[in-house]
Amino acid sequence: MIEWESFVLVAVVSLVAASVIVTIASIGIRLLENATHAQKQDPRQGKVRLAVARTLFGVCGVLVLFGVYLIVPAFH
Amino acid sequence: MVALVVVLALFFDFTNGFHDTANAMATPIATGALKPRVAVSIAALLNLVGAFLSTEVARTISGGLIREGGGGIQITPTMIFAGLIGAIMWNLATWLLGLPSSSSHALFGGLIGAVIVGAGVGAIDPGVLLSKIVFPAVLAPFMAAGIAFVATKIAYRVTSGHHAHAARQRFRVGQVFTSSLVSLAHGTNDAQKTMGVITLTLIAGGFQAAGTGPEFWVIAVCAFAIALGTYVGGWRIIRTVGTGITDVSPAQGFAAEASTTATILASTHLGFALSTTQVASGSIIGAGLGRNRRSVRWRVAGRIGVAWLVTLPCAAIMAAVAELLARLGPWGIAADALAGATVIVLMFRRARRNPVNHTNVTGEVPVVKHAPSVVMPKVPPSIASAKPPKVPAADSRRAHREQA
């Protein structure tokens, strides 16, 4: 009666999706925070960290847009 | 009769809106990521937009639960009327207690109760009731809690280090996006339910051809009703979800909302419908567990759980009584409407005794002397009496002081 298959599918997909986005955002945030402190000692290293952090936030932005795409039925 | 049902349906839509603001906005308000007023405005706007975006008629309303058409039972406007009364009563009662119960369950419960009285138990498909509503309702919070638990662990592990506290405050920015997505998803789902009810009524009343979608004016008024409800904001429920279950830090809030968003999007697209309310509350419990097991106030969580269990039967019972009255004829319907209006006014007056609004929504949950007992003696007294346990993590304490 209960559709275990689709339940497990939803659970696994949600777990992976949530973990991935939280991981990316957390790494980005850690790098950003480090970058602001590192800038004083080693400006170049700070810059690299900042660039990586921004890229990661960009990936998050793409994931958010994908979420919007999934929500709006007109897109698919 | 049809006009009366339309008005009631819109009122239900309104209560749906303010009941569910908490799902998306409770944690960003609690962590200070968004100012309360700003948060409800964003939620209202996204609900409005969301309601227009979706063109599919929400078939969830009937969805096979009530056997209809072709040899089955014809649902009448009177039954929808009684069902809506039950659903609205329950939504307002749980709002008064600050409990985040599912508006969809209230609506289904109301319709089920009215149909059982109006057409007999045979009109309900128990298989569909179990597989589409009861099981998902039991599983959703555990699943969401598990996912949010993992997400919170990740967020804390990755950001641990020298500047952990400052770094974690940055999660607030992320919260704005995740909570906005939840709002948008809510708009595309929940306004649809009322559109479905109104359209069903119009068809049943012979004002619209069977098999057609909702008229534009129906979409428009439903969209505005849910947006208005969202804007008015169910501050009581926001307080319970945001600060009652556990003290949410920005990292937890982000993890919880990312889990809620992921779970809801996955469930909508992979065909295992879950209640937004239950997923959102479950995520917050999971986020609390992920940081510190003792930070979860189990009394509050338990009370919410009880509310979930009784939502469907309670709405059904109230709708059944309303349907019994309505069957007496026009006077019965008038008595229903009058009784309904009286209870609504009483509940709003009761709510004014200890108002919760954007000014005190993030505060400590105070002790309420007059535990409301208007409609439902079954549910234990309001959340207010729960004692917040000591939270060892200084992290959230500091966040709290900053807001104050």
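Since we're looking at a predicted model, the values are computed, not measured.

Thoughts on the packing of helix 3 (residues 77-96) of chain B against helix 4 (residues 103-119) of chain B
Residue and element names in this part refer to chain B.
Link 1 in the chain: Helix 4 packs onto helix 3 with a crossing angle of 140 degrees between their chain directions and a minimal axis gap of 7 Å. The angle between the axes of helix 3 and helix 4 places the two elements in the oblique class. For helix 3 against helix 4, the interelement crossing comes out right-handed. Between helix 3 and helix 4, the contacting residues are Met79, Ile80, Ala82, Gly83, Leu84, Ala87, Trp90 and Asn91 on the first element and Ser103, Ala106, Leu107, Gly110, Leu111, Ala114, Val115, Gly118 and Ala119 on the second.
Link 2 in the chain: The class makeup of the residues in the contact of helix 3 with helix 4 is twelve nonpolar, five polar and no charged.

Looking at the pattern of salt bridges
All names here are of chain B.
Link 1 in the chain: Using the criterion set out here, one finds three salt bridges over all chains in the structure.
Link 2 in the chain: One salt bridge connects arginine 297 with aspartate 247, and the closest N-O pair in it is separated by 3.4 Å. Highlighted residues: arginine 297 in the loop between helix 11 (276-291) and helix 12 (298-326) and aspartate 247 in the loop between helix 9 (235-244) and helix 10 (250-269), separated in sequence by 50 residues. Take arginine 297 and aspartate 247: they sit in the same class, and that class is buried.

Topic: a nonpolar patch on the surface
Residues and elements named next belong to chain A.
Link 1 in the chain: The grouping of Trp4, Val8, Val12, Val16, Val20, Val59 and Leu63 at the surface amounts to a nonpolar patch, some 570 Å² of accessible area in total.
Link 2 in the chain: Of all elements in the fold, only helix 1 (4-41) and helix 2 (43-71) reach the threshold of two or more residues within the nonpolar patch.
Link 3 in the chain: No other element matches helix 1, which puts five residues into the nonpolar patch.
Link 4 in the chain: Structurally, tryptophan 4 can be placed in helix 1.

Some details on the interface of chain B and chain A
Link 1 in the chain: On the chain A side, the residues contacting the 44 residues of chain B number 36 residues.
Link 2 in the chain: Summed over both sides, the interface between chain B and chain A buries roughly 3400 Å², with carbon and sulfur atoms accounting for 81% of that surface.
Link 3 in the chain: Our count for the contact surface shared by chain B and chain A stands at one salt bridge.
Link 4 in the chain: At the junction of chain B with chain A, the criterion picks out three residue pairs in polar contact (both at pLDDT 80 or more).
Link 5 in the chain: Where the side of chain B that touches chain A is concerned, the elements lending two or more residues are helix 5 (126-159), helix 6 (164-169), helix 7 (171-204) and helix 10 of chain B.
Link 6 in the chain: Sorting elements by how many residues they give to the side of chain B that touches chain A places helix 5 of chain B first, with 15 residues.
Link 7 in the chain: Along the lines of polarity and charge, the residues of the side of chain B that touches chain A split into 26 nonpolar, 14 polar and four charged.

Brief notes about the layout of surface pockets
Leftover empty space is mapped by rolling, across the atoms, a probe with the size of a water molecule.
Residue and element names in this part refer to chain B.
Link 1 in the chain: Approximately 420 Å³ is the volume found for the second largest pocket.
Link 2 in the chain: Residue lining of the second largest pocket: 20 residues in total, with Ala137, Val138, Pro141, Gly305 and Trp308 positioned closest to the centre.
Link 3 in the chain: Those elements that place two or more of their residues in the lining of the second largest pocket are helix 5, helix 11 and helix 12.
Link 4 in the chain: When residues of the lining of the second largest pocket are assigned to their parent elements, the largest contribution, nine residues, is made by helix 12.
Link 5 in the chain: For the lining of the second largest pocket, the per-class residue count stands at 15 nonpolar, five polar and no charged.

Quick notes on the confidence of the model for chain B
Residue and element names in this part refer to chain B.
Link 1 in the chain: Looking at chain B, the pLDDT average stands at 79 and 83% of residues meet or exceed 70.
Link 2 in the chain: Of all helices and strands in chain B, the one with the weakest mean pLDDT is helix 14 (residues 394-403) (46), whereas helix 11 scores best (90).
Link 3 in the chain: For residues 366-404, every residue scores under 50 in pLDDT, and the model assigns this stretch 73 contacts once sequence neighbours within four places are set aside.

The rules behind these values
Per chain, residue numbering runs from 1 following the sequence as it is written. Throughout, the order in which chains and ligands are written sets their labels, letters from A for the former and numbers from 1 for the latter. A pLDDT threshold of at least 70 governs which residues receive local features in this predicted model, and a stricter bar of 80 or more applies before side-chain atom pairs are shown or counted, although totals over entire chains, interfaces and linings include all residues. No hydrogens and no water enter the side-chain calculation; it runs on all heavy atoms of the structure. Under this scheme, a helix contributes an axis fitted over its contacting stretch, all axes are lines through C-alpha atoms, and angles between N-to-C directions fall in the 0 to 180 degree range. Only runs of H or I of at least four residues qualify as helices and only runs of E of at least two qualify as strands under DSSP, and these elements are numbered from the N terminus. The cut-offs work like this: below 35 degrees is roughly parallel, past 145 is roughly antiparallel, 65 to 115 is roughly perpendicular, and the gaps in between are oblique. Crossing handedness is defined as follows: a turn of the near helix away from the far one that is anticlockwise and smaller than a right angle gives a left-handed crossing, while the clockwise case is right-handed. The contact criterion used throughout is that any non-hydrogen atoms of two residues lie within 4.5 Å. Gly falls in the polar group here, along with every residue not listed as nonpolar (Ala, Val, Leu, Ile, Met, Phe, Trp, Tyr, Cys, Pro) or charged (Asp, Glu, Lys, Arg). Salt bridge, as used here: a side-chain nitrogen of Lys or Arg that lies within 4 Å of a carboxyl oxygen of Asp or Glu. Relative accessibility under 20% of the residue-type maximum defines a buried residue, over 50% an exposed one, and the middle range a partly exposed one, all with a 1.4 Å probe and only protein chains included. Surface patches are drawn from residues lacking salt bridges whose relative accessible area is over 30%; two like charges belong together within 9 Å, two nonpolar side chains (Val, Leu, Ile, Met, Phe, Trp, Tyr) within 5 Å. Accessible areas in this description were obtained via Shrake-Rupley with a 1.4 Å probe; residue shielding takes into account the shown protein chains only. Joining two parts hides part of their accessible area as seen by a 1.4 Å probe, and the buried area is that hidden amount summed over both. The term polar contact refers here to a pair of N or O atoms within 3.5 Å; inside protein, the definition further demands a hydrogen-donor-capable atom paired with an acceptor-capable atom, and it admits residues adjacent in sequence only when both atoms are side-chain atoms. Buried and open spaces are told apart on a 1 Å grid over the protein atoms alone, a cavity being a set of points where a 1.4 Å probe fits but cannot get out and a pocket being an open set with protein on both sides within 12 Å along at least five of seven lines. Residues with an atom within 4 Å of a point are the lining residues. Grid points are joined across faces, edges and corners, and a volume is the space filled by probe spheres set on the points. Across the chain, each position has a pLDDT score giving the predictor's confidence in that residue, from 0 to 100.

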